[in-house]
Amino acid sequence: MDQLTGFQRDLLYVIAGKDRPSGQEILDDINHYIDQPVTHGRLYPNLDTLVEKDLVEKGQLDRRTNYYALTPKGRRELQRRQEWVDQYVDV
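Residues numbered from 1 in each chain as written. Predicted model: local features only at pLDDT ≥ 70, side-chain atom pairs only at ≥ 80, totals over all residues. Heavy atoms only, no water.

Q: Explanation requested: the UniProt feature "domain: Transcription regulator PadR N-terminal" (unreviewed entry) in the protein chain in the structure shown.
A: UniProt marks residues 12-80 with the feature "domain: Transcription regulator PadR N-terminal" (unreviewed entry), using the numbering shown here. Here residues 12-80 runs as 55% helix and 14% strand, with 13 Å between its end C-alpha atoms. (UniProt positions renumbered as here; feature names shortened; annotations may be inferred. Helix = DSSP H or I, 4+ residues; strand = E, 2+ residues; numbered from the N terminus.)

Q: For this particular structure, what's the right way to read the side chain of Glu77?
A: Relative to the elements of secondary structure, Glu77 occurs in helix H4 (residues 72-86). With a relative accessible area of 18%, Glu77 lands in the buried category. Each residue touching Glu77, except ones within four places of it in the same chain, is listed here: Met1 and Leu55. (Buried < 20%, exposed > 50% of the residue type's maximum accessible area, 1.4 Å probe, protein only. Contact = heavy atoms within 4.5 Å.)

Q: I would appreciate a short explanation of the pairing of strand E1 (residues 56-60) in the present structure.
A: Successive residues of a regular strand alternate their side chains across the two faces of the sheet. With five bridges connecting them, E1 and strand E2 (residues 66-70) associate as antiparallel partners. Each residue of the ladder has a partner; that of Lys58, found in E2, is Tyr68. Where E1 hands over to E2, the hairpin turn is made up of five residues, counted between the paired strands. (Pairing = 2+ DSSP bridges.)

Q: When you look at the nonpolar core in this model, what are you seeing that I'm missing?
A: One recurring pattern in soluble globular proteins: nonpolar side chains tend to sit buried together. By size, the foremost hydrophobic cluster in this structure holds 20 residues, and its most contacted members are Leu11, Leu12, Ile26, Ile30 and Val56. When residues of this core are traced back to their parent elements, those giving at least two are helix H1 (6-16), helix H2 (23-33), helix H3 (40-52) and E2. Looking at this core element by element, the count peaks at five residues for H1. Not counting residues up to four positions away in its chain, the partners in contact with Ile30 are Phe7, Asp10, Leu11, Val14 and Val38. (Core = buried A, V, L, I, M, F, W, Y, C linked by side-chain atoms within 4.5 Å.)

Q: What's the story with H2 in this structure? I'm lost.
A: Residues spaced three or four apart along an α-helix face the same direction, because each turn holds 3.6 residues. For H2, the complete set of buried residues consists of Gly23, Ile26, Leu27 and Ile30. Buried residues along H2 cover an arc of 100° about the axis, so they all sit on one side. Among the structural elements, H1, H3 and E2 are those in contact with the buried residues of H2. (Arc of directions from axis to C-beta.)

Q: Is there a simple way to think about the packing of H1 against H4 in this case?
A: Two quantities define a packed helix pair, namely the angle between the helix axes and the distance between the axes. For the pair H1 and H4, interaxial distance at closest approach is 11 Å and the crossing angle is 110°. Our classification of the angle between H1 and H4 gives roughly perpendicular. For the pair H1 and H4, the crossing hand works out as left-handed. Seen from H1, the contacting residues are Arg9, Leu12, Tyr13 and Ala16; seen from H4, they are Leu78, Arg81 and Gln82. Grouping the amino acids of the contact of H1 with H4 by side-chain chemistry returns four nonpolar, one polar and two charged. (Axes fitted to C-alpha atoms, helices over the stretch in contact; angles between N-to-C directions. Parallel < 35°, antiparallel > 145°, perpendicular 65-115°, else oblique. Left-handed = near helix turned anticlockwise from the far one by under 90°. Nonpolar A, V, L, I, M, F, W, Y, C, P; charged D, E, K, R; others polar.)

Pasting the structure below:
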């Protein structure tokens, strides 16, 4: 988790908060949070990195649409990260 970029960690949070979101759903949500628009060219390579690191599972909803979901490893890593943040930040 410490080897991920902040953007990749943000993607994990978005994926964790949804039920098998499509790439477009993730893009829409992340664009509501980030000031500068995120392009497909930035989103999908980062999602692929999360899949390669076994933090996210990629599956097919239909012939054109993929979904993304946290793997058990991704959920554990995100939980560890949140526990670490919680010990320093109380908002």
